[in-house]
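Remarks on the overall topology
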Amino acid sequence: MEKKATRHGYSEALIEMGATNKNIVVLDADLSRSTSSELFKKKFPERFFNVGVAEQNLLGLAAGLSLMGKIPFASTYSVFASGRAWEQLRTTICYSNLNVKIGGSHGGILTGPDGASHQALEEFALTRVLPNLTVFVPCDFLEAKKATIAAAELKGPVYIRLGREPLPVLTTQETPFIPGEGLLMKEGRDVTIIACGSLVAEALQAAALLEKEKISARVINIHSLKPLDENIIIKAARETKAIVTAEEHEIYGGLGSAVSEVVVKNYPVPLEMVGLADSFGTSGAPEELMRFFHLKDVDIVAAVKKVITRKG
Amino acid sequence: MDIAQLEEQAKKIRQDIIKMLGAAGSGHPGGSLSSTDLMTALFFNILRQKPKEPRWPGRDRFILSKGHCAPVLYACLAELGYFPIEQLLTLRKLGSCLQGHPSCQDVAGVEVSTGSLGMGLSVATGMALGAKFDQSDVRVYCLVGDGELQEGQIWEAAMSAGHYRLDNLCCIVDNNDLQIDGRIKEVMNVYPIADKFKAFGWQAMEIEGHDFKQILAAYDRASKTKEKPTVIIARTIKGKGISFMEDQEEWHGKAPNKELTAKALKELE
Ligand SMILES: Cc1ncc(C[n+]2csc(CCOP(=O)(O)OP(=O)(O)O)c2C)c(N)n1
Ligand SMILES: [Mg+2]
């Protein structure tokens, strides 16, 4: 299967939109090569602003540009976009409900050898708690492209979590991307795996492994972490009576928490979470870290088996 | 060490840096090599420390605010005996204490974890304040990048260090004139650097950052200055010592492959 990085879906969408919409402006904080926003800069240098190593200012300038009618896309690493500039995001952008779009690249453990300081494992928790903010976690290149286009069309602040490593392209041009709606990737009866980002591919592989053992697993892709598709989650709880969540992120405050909140309020069923648990990341090769932190298909399989034994 | 010995030591540190990065396959040579001479003089001639007793309370403190230059810090620590030299080759590997950016929970000699730019000078200022409070003669040194100066927190720290007249604090700016996306002036101009620090009540010195005579004189003057923190703005060359890396922005955050590692090591013979 073809592999491409979500950060490149982001920049490709920016370039496409930039050609027809003069209000699209792009900002970066000395990481334009890594975030790939430099591709936009090459095409539209007059609509690109590099603020230097200054992420708080990055979001502040984007806020100002939005107030002047522009549609700013601010790009930097996830850890700085969601962490360093969090209060600018909260009070300036979300509280004022400004039309600012944020592309957080190098999210998650796949950032690899740079180590814990650069691996954003808290950004779902940090962003989904903010009123007015829409949070997208695309699972592949095409979905990232659609998420970026959707972000420009939505009014209000949007955060898009992007990654450095190439991921298998699971969706097609025709796959719909509807903000706030989960995407059914595979039908199943015995359990539902609810995943986002890089873990959607692992979830599909896990479902294939489970099939061989006569366990029928449904797979749902939550590309919109906020607003969250409660209906698809409640339906999964009701119909399959067991859920496993999977994310390249902390389970506390992340997708695991978000899904649990819906499940316990509406239709309590056993639930297991795959993700990091109260832990910083560490240096290592990306794939090696996925195994080290138990984020692989086999780990999802193990969680499914565990959750099934807990079914009434 | 005399100047000839320091030069020899700096060459060893540069060799260590290239070897570690070659083995790691990723990391940041440019800023590690530009700050090697400043770091060598500091670690081998200036800092009071006991490598076998890294937590000795009387030690001078050093903070690598530009944490991506971890290789130069690790090389200095290893050469001084904080940990075995062989360990350098585990840089950035799973399970290694030598994380991509310095982790104080993992390495003796690292005072605080860094990697997110702009944070170190505040911590150094806090340490200097603590030392003053204790009436101790501990001195605190902090290395920052010139691109890093674009972070607002740097200037909040500068304001507070000037306000508290922390003459036990010395900030070193590795002025290699490059950041990731290009020349400092073109990306986001931070010049004039000396005037900015002076406006916050600092003593500012501008030196050649590959001239040991000037480096040692600057450290000496900083330690004798009263009532003011000192900033040493050292003009350096990014990638210094390796012909194909010198002043090349592409060598900010890229490790040499096998062939280029060998070539670089040959230049350092
Ligand atoms: C807060 C933060 N923003 C961005 C980065 C990514 N980054 C790493 S190095 C660097 C450029 C730093 O330039 P400079 O301070 O001049 O370092 P040097 O030239 O000494 O390597 C950037 C933007 C970071 N580590 N931390
Ligand atoms: Mg620099």
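How each quantity is defined
Residues numbered from 1 in each chain as written. Chains lettered and ligands numbered in written order. Predicted model: local features only at pLDDT ≥ 70, side-chain atom pairs only at ≥ 80, totals over all residues. Heavy atoms only, no water. Donors = N, O, S within 2.8 Å, 3.2 Å for Na, K, Ca; no water. Helix = DSSP H or I, 4+ residues; strand = E, 2+ residues; numbered from the N terminus. Buried < 20%, exposed > 50% of the residue type's maximum accessible area, 1.4 Å probe, protein only. Core = buried A, V, L, I, M, F, W, Y, C linked by side-chain atoms within 4.5 Å. Contact = heavy atoms within 4.5 Å. Pairing = 2+ DSSP bridges. Axes fitted to C-alpha atoms, helices over the stretch in contact; angles between N-to-C directions. Domains from an automatic or database assignment. Buried area = accessible area lost by both parts, 1.4 Å probe. Salt bridge = Lys/Arg side-chain N within 4 Å of Asp/Glu carboxyl O. Polar contact = N/O pair within 3.5 Å; in protein donor to acceptor, adjacent residues only side chain to side chain.

Moving on to the coordination of the magnesium ion (ligand 2). Residue and element names in this part refer to chain B. Coordination sphere of the magnesium ion (ligand 2), protein contribution only: Asp 146 (OD), Asn 176 (OD1) and Leu 178 (O), at 2.1 to 2.2 Å. Mapped onto the sequence, the donors of the magnesium ion (ligand 2) take the spacing D-x29-N-x1-L. You can see Asp 146 sitting in the loop between strand E2 (140-145) and helix H6 (152-163) and its partner Leu 178 sitting in strand E4 (residues 178-179), a full 32 residues away along the chain. The class of Asp 146 is buried, set by a relative accessible area of 2%. On the accessibility criterion, Leu 178 (3% relative accessible area) is buried.

Here we come to the nonpolar core. With 55 residues, the main nonpolar core has Phe 43, Phe 62, Tyr 74, Phe 83 and Tyr 219 of chain B as its most contacted residues. If one sorts the elements of this core by residue count, helix H4 (residues 70-79) of chain B sits on top with 8 residues. Dropping the residues within four chain positions of it, Phe 43 of chain B is found in contact with Gln 49, Phe 62, Leu 73, Cys 76, Leu 77 and Leu 80 of chain B. By size, the runner-up hydrophobic cluster in this structure holds 43 residues, among which are Ala 81, Leu 130, Ala 237 and Val 259 of chain A.

This part covers the sheet that holds strand E3 (residues 169-175) of chain B. What links the strands of a sheet is backbone hydrogen bonding, and the strands pair in either a parallel or an antiparallel sense. Residues and elements named next belong to chain B. Ordered in space as E1-E2-E3-E7-E6, the 5 strands form an open sheet in which the pairing is parallel. In this open sheet, the two edge strands, each paired with only one partner strand, are strand E1 (61-64) and strand E6 (203-208). Within this sheet the neighbouring strands show an average axis-to-axis angle of 20 degrees, counted without direction. Two elements, E2 and E3, share 6 bridges in a ladder whose sense is parallel. Note that in E3 the partner of Leu 143 across the bridge is Ile 172. The strands touched by helix H5 (residues 120-133) within the sheet are E1, E2 and E3, with E2 carrying the most contacts at an inclination of about 170 degrees. Across the sheet, helix H9 (residues 212-224) lies against E2, E3, E6 and strand E7 (230-235), angled at about 170 degrees from E6, the strand it touches most.

A few words now on the domain arrangement of chain A. Buried accessible area, meaning the area lost when the parts come together, often serves as the stated size of an interface. Residue and element names in this part refer to chain A. Each assigned domain of chain A is listed with its residue range as follows: domain 1 (3-168) and domain 2 (183-309). With centres defined by C-alpha atoms, the gap from domain 1 to domain 2 works out at 25 Å. Between domain 1 and domain 2 the total buried area reaches about 2400 Å² when both faces are included, carbon and sulfur atoms providing 61% of it. In terms of surface lost to domain 2, no three residues of domain 1 exceed Ile 109, Leu 121 and Arg 128, which account for 30% of the buried area on that side. The tally of links between domain 1 and domain 2 comes to 1 salt bridge. The salt bridge involving Arg 128 is made with Glu 261; its shortest N-O contact spans 2.8 Å. For the pair domain 1 and domain 2, the interface holds 18 residue pairs in polar contact (both at pLDDT 80 or more). Broken down by secondary-structure element, the contributors of at least two residues to the side of domain 1 that touches domain 2 are helix H7 (123-128), strand E6 (134-136) and strand E8 (167-168). Among the elements that line the side of domain 1 that touches domain 2, the one with the most residues is H7, at 5 residues.

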